[in-house]
Amino acid sequence: MPESAGASEKRVAIEARGIVKTFGQGANALRALDNVSIVIRENEFFTLLGPSGCGKTTLLRLIAGFEYPTEGAILLYGEDIAGLPPFKRPVNTVFQSYALFPHLTVAENVAFGLQMLGRSKAEIDARVSEVLALVRMQELAARRTDQISGGQAQRVALARALAPSPKVLLLDEPLSALDYKLRKEMQIELKRMQAETGITFVFVTHDQEEALTMSDRIAVMSKGRVLQIGSPWDIYDKPADRFVADFIGETNFLSAIVLGVADGVAKVRLTSGAEISATLAEGGVAEGEATVVVRPEHARAVKDGGQIAGVVENVVYFGTDTHIHVRLDDGEMFIVRQQNSRTQSCGFEVGDRAGVEIDADAAQVLKD
Amino acid sequence: MASAAEIASQARRTEVRDRWLLSAPALLIIFVAAIGPLFVMLAYSFMVKGDYGDVKFGQYSLDGWFSVFLQRDIFDDTLTFADAHLSIFWRSIKLSFLTTVSTLLLGFPTAYFIATRPRHTREIWVFLVTIPFWTNLLIRTFAMQQVIRNEGIVNSLLRWVGVIDEPLQIMHTDWAILFGMVYVYLPLMVLPLYASMEKLDFRLVEAGYDLYAGRLQVLRRIIIPLVSPGIIAGSILVFIPSLGAYVIPRVLGGGKNMMLGNLIELQFGAGRNWPLGAALSITLMVLVMVALLFYVRNASRSGATHG
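Residues numbered from 1 in each chain as written. Chains lettered and ligands numbered in written order. Predicted model: local features only at pLDDT ≥ 70, side-chain atom pairs only at ≥ 80, totals over all residues. Heavy atoms only, no water.

Draft legend 1. Main features of the sheet that holds strand β4 (residues 71-76) of chain A. All names here are of chain A. The strand order across the open sheet built from four strands is β2-β1-β4-β5, with neighbouring strands paired in antiparallel fashion. Taken across any chain shown, the strands that pair with only one partner, and hence form the sheet edges, are β2 (30-41) and β5 (79-80). By the bridge criterion, two bridges tie β4 to β5 in an arrangement that is antiparallel. When the sheet's bridge partners are listed, Leu75 is paired in β5 with Asp80. Helix-sheet contacts for helix α2 (residues 56-64) involve β1 (12-23), β2 and β4, and the interaxial angle to β2 is about 65 degrees. (Pairing = 2+ DSSP bridges. Helix = DSSP H or I, 4+ residues; strand = E, 2+ residues; numbered from the N terminus. Contact = heavy atoms within 4.5 Å. Axes fitted to C-alpha atoms, helices over the stretch in contact; angles between N-to-C directions.)

Draft legend 2. Structural detail: the packing of aromatic side chains. Residue and element names in this part refer to chain B. One pass over the structure, following the stated rule, counts 15 aromatic pairs over all chains. Judged by centre distance (5.9 Å) and plane angle (70 degrees), the ring pair of Tyr112 and Phe202 falls under edge-to-face. Within this pair, whereas Tyr112 is found in helix α3 (residues 83-115), its partner Phe202 is found in helix α8 (residues 202-210), the two being separated by 90 residues in sequence. Taking the relative accessible area as the measure of exposure, Tyr112 reaches 27% and is therefore partly exposed. Taking relative accessible area as the criterion, Phe202 reaches 27% and is therefore assigned partly exposed. (Phe/Tyr/Trp six-rings, centres within 6.5 Å; stacked < 30°, edge-to-face > 60°. Buried < 20%, exposed > 50% of the residue type's maximum accessible area, 1.4 Å probe, protein only.)

Draft legend 3. Seen up close, empty space enclosed by the protein. Residue and element names in this part refer to chain A. Throughout the structure, instances matching the rule amount to one cavity of 30 Å³ or more. Put simply, the largest cavity is a space of about 30 Å³. Lining the largest cavity, in full, are Ile14, Ala16, Ile38, Ile40, Leu48, Leu59 and Ile63. Where the lining of the largest cavity is concerned, the elements lending two or more residues are β1, β2 and α2. For the lining of the largest cavity, the per-class residue count stands at seven nonpolar, no polar and no charged. (1 Å grid on protein atoms, 1.4 Å probe; cavity = no way out; pocket = protein on both sides within 12 Å on 5 of 7 lines; lining within 4 Å. Points joined across faces, edges and corners; volume = space filled by probe spheres on them. Nonpolar A, V, L, I, M, F, W, Y, C, P; charged D, E, K, R; others polar.)

Draft legend 4. Here's a closer look at the sheet that holds strand β20 (residues 364-365) of chain A. Residues and elements named next belong to chain A. One closed barrel holds the five strands; their spatial order is β11-β12-β13-β20-β14, and the pairing between them is mixed. One ladder, built from seven bridges, connects strand β11 (residues 252-262) with strand β14 (residues 288-294); its direction is antiparallel. By the bridge assignment for β14, Phe253 is matched with Val293.

Draft legend 5. Fine view of the interface of chain B and chain A. Contact with chain B, which involves 20 residues of that partner, is made by 27 residues of chain A. When residues of chain B are sorted by the area they lose upon contact with chain A, Asp210, Leu211 and Tyr212 of chain B head the list and together hold 36% of the total. The partner of Arg61 of chain A in a salt bridge is Glu206 of chain B, and the shortest N-O contact between them spans 2.6 Å. Where chain B packs against chain A, one counts seven residue pairs in polar contact (both at pLDDT 80 or more). Those elements giving two or more residues to the side of chain B that touches chain A turn out to be α8 and α9 (215-243) of chain B. At seven residues, the largest contribution of residues to the side of chain B that touches chain A is made by α8 of chain B. Residues belonging to the side of chain B that touches chain A are distributed by class as follows: 10 nonpolar, five polar and five charged. (Buried area = accessible area lost by both parts, 1.4 Å probe. Salt bridge = Lys/Arg side-chain N within 4 Å of Asp/Glu carboxyl O. Polar contact = N/O pair within 3.5 Å; in protein donor to acceptor, adjacent residues only side chain to side chain.)

Draft legend 6. Structural view of the layout of surface pockets. All names here are of chain A. A volume near 340 Å³ is recorded for the largest pocket. Along the wall of the largest pocket there are 14 residues; nearest its centre are Gln228, Ile229, Lys238, Ala240 and Glu282. The residue makeup of the lining of the largest pocket includes at least three contributed by each of domain 1 (5-237) and domain 2 (250-365). (Domains from an automatic or database assignment.)

Draft legend 7. Quick look at the environment of Leu30 of chain A. Within the fold, Leu30 of chain A resides in strand β2. In this structure the C-alpha to C-alpha distance between Leu30 of chain A and Gly224 of chain A, which are 194 residues apart in sequence, comes to 10.0 Å.

Draft legend 8. The domain arrangement of chain B, seen in detail. All names here are of chain B. Domain assignment breaks chain B into domain 1 (4-80) and domain 2 (83-303). Computed over C-alpha atoms only, the centres of domain 1 and domain 2 are separated by 30 Å. Listed per partner, the contact involves 20 residues of domain 1 and 17 residues of domain 2. With both sides pooled, the region where domain 1 packs onto domain 2 buries about 1500 Å², and carbon together with sulfur makes up 75% of that total. It is Met41, Val68 and Phe69 in domain 1 that bury the most area against domain 2; as a group they hold 30% of the surface buried on that side. Across the contact surface, domain 1 and domain 2 share zero salt bridges.

Draft legend 9. Representation of the side chain of Lys56 of chain A within the structure. All names here are of chain A. On the secondary structure map, Lys56 appears in helix α2. Exposure remark for Lys56: the relative accessible area of 3% places this residue in the buried category. Among the polar contacts listed, one links the side chain of Lys56 to the backbone oxygen of Pro51, at a separation of 3.4 Å. Ignoring sequence-local partners within four residues, the contact set of Lys56 consists of Leu48, Leu49, Gly50, Pro51, Glu173, Val204, Thr205, His206 and Met221.

Draft legend 10. Region of interest: the confidence of the model for chain A. On average, chain A scores 89 in pLDDT, and the residues at 70 or more come to 96%. Under a pLDDT of 50 for its full length, residues 1-7 of chain A has, in the predicted model, nine contacts with residues more than four places off or in other chains. (pLDDT = per-residue confidence, 0-100.)

Draft legend 11. Fine view of the side chain of Asn252 of chain A. All names here are of chain A. Relative to the helices and strands, Asn252 resides in strand β11. Exposure remark for Asn252: the relative accessible area of 2% places this residue in the buried category. Looking at Asn252, its side chain comes within polar contact range of the main-chain nitrogen of Ile335, at 2.6 Å. Setting aside chain neighbours within four positions, we find Asn252 in contact with Val292, Val293, Val294, Arg295, Pro296, Met333, Phe334 and Ile335.

Draft legend 12. Up close: the environment of Phe202 of chain B. As for Phe202 of chain B and Ile223 of chain B, which are separated by 21 residues in sequence, their C-alpha atoms are 9.0 Å apart. Apart from the residues lying within four places of it in its own chain, the contact partners of Phe202 of chain B are Tyr112, Ala115, Thr116 and Met197 of chain B.

Draft legend 13. Spotlight on unusual backbone geometry. Positive phi outside glycine occurs at Arg136 of chain A, with the angle close to 60 degrees. Along the chain, the position of Arg136 of chain A falls in the loop between α4 (121-134) and α5 (150-162). Among the residues examined, Arg136 of chain A registers a relative accessible area of 48% and is labelled partly exposed. The backbone of Tyr212 of chain B sits at a positive phi, close to 70 degrees, despite the residue not being glycine. Among the secondary structure elements, Tyr212 of chain B is positioned in the loop between α8 and α9. For Tyr212 of chain B, a relative accessible area of 11% gives the class buried.

Draft legend 14. Structural detail: the pairing of β4 of chain A. Residue and element names in this part refer to chain A. Taken together, the five bridges between β1 and β4 define a ladder with antiparallel strand orientation. Along β4, the bridge assignment pairs Val20 with Glu71. Where β4 folds back on β5, the antiparallel hairpin that results is connected by two residues, among which Tyr77 adopts a positive phi of roughly 50 degrees.

Draft legend 15. Structural view of the pattern of salt bridges. Residues and elements named next belong to chain A. Inspection of every chain in the model, using the stated rule, returns 36 salt bridges over all chains. Of the charged contacts, one joins Glu189 and Arg136 as a salt bridge, the two residues approaching to 2.8 Å between their closest N and O atoms. Of this pair, Glu189 sits in helix α6 (residues 180-197) while Arg136 sits in the loop between α4 and α5, and the two are 53 residues apart along the sequence. Among the ionic pairs, Glu357 bridges to Arg300, the shortest N-O distance being 2.6 Å. Taken as a pair, Glu357 in strand β19 (residues 353-358) and Arg300 in strand β15 (residues 299-302) lie far apart in primary sequence, 57 residues in all. Residue classification places Glu357 among the partly exposed positions, given a relative accessible area of 29%. The class of Arg300 is partly exposed, set by a relative accessible area of 36%.

Here you go:
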């Protein structure tokens, strides 16, 4: 769904304004973040998504206070916290390595933050058992942290960060060390905990599938810049530029010429001569040569007709669906994903001639 | 034909025999060089002292042990505590303790500094720390004398700045011994501390800061517990040689400020009281063993939680 009006009325939890972060000096200086601005709303599950080295973890560390921005401001509920040390920020972090204290038990780990805040013993005990119940780790409260499994350590790290009831919870690729099945379970668990606690989550991941399934909104980052911010639906269906389209899911790129624009919808001519309508990326080109993207599931392979055509080069069976790789007449590759039915095959074999029918409203013109 | 079981047991026997044969040289050295002399020392401490040193074999007496803590008045035979010995024991323990604490206070930040340097520069710092070992202890001690004597660097500097009018009498005081021991034993504290701190996962420090622990609390609640094996090892490595120090109190403390090492030397040398010397040596060893037991207990407790 597009962002509802109600969402934008929510209070802003975190705002990063024009953040620049450089490491090193002179010729060796590395610009990790380049003029990044982000608004994260209260109770939002916000994901920073990008390949390694894109600056997403640096941005998280800036919010946590482990690094200080070279330029720009970080506001937490309107208050600039960019200069505060981490122990004075009401945010907590779930570390990628979990960073559990090896000399303390599970319960002592969870109690640590509350003890540092000077809470009473009774309050700490109550809160610790409450949070351990939330992550379903009550039975192992007395265990040492080297006596628990990776998945359990993950839950303890989460409980430890949640215990002081932070205004914002920062999660640095917390699921990357878990195996596939456990990761899927924890994704659902994390969503449940976010709903139960109502805490704003800022989640860092390089896994686009994880980002799509868990997030309310996603910021796609590359090379220290934010390329697009939007709901998973926005990011997937209306990628703003080539990187986003390529990084999130599978995509077909088609060269085209924009003929004209009306009401935000462009009329484009493909190399085959067919004319289709395509939505315009925000701030995208309105005329001349452009790239159009079409998701594989938004097109069908047909025996006759279709806006473009080519020869089937490969048919890959995936269980739920089949990918048909069509080499278009202009030389480009187009992949079509078709749902499988129990009774019949996709109907195409390698070498067959196939037309490609693009769904109405499925095409999107990229910015560049 | 031997059965399989017989071959197996034969092989086992051969293995056991080989194991003993292979460890024989090490065992021999331990018995001849370490445990044997200990028994000789123990035996000597129960013998009658010879007139010109040595002992009278076959004549046994408790005088050696008796004189460790007590003395008999030469006129009326009343027993009193051997004040001189007790004050030397006290000085040894006090100065060793102060040396340990001082090297810990100086060594901890030093080791932390080295452990937080980039990996390739750490080796250089460790190397720098070990450089004093290349110089003979006696020479280092005389060098220290040049620093702290009345006309030495410290006094000249203080006088030049105008802090003092008269030179501070540091030489031949307990302070001189303390300075000397801290200087000489500091590397023994820094190296094990550094070894522990190098293994410290600094992400845990970040986690501490993240959970509202200030700098002091992170130090107290996270860093110190995690490097405690290094603290204990360093303390033992400094405390034990400090207790038995000989050269440093001799050179810097002068004749009056003796420590246990000097007292033992005195009994074997000019004092010509070998049984007392032997008894004192064993007493020193017991003190060291008490310190070691303390170490082992702590090390096994913290060693169980982390390497």
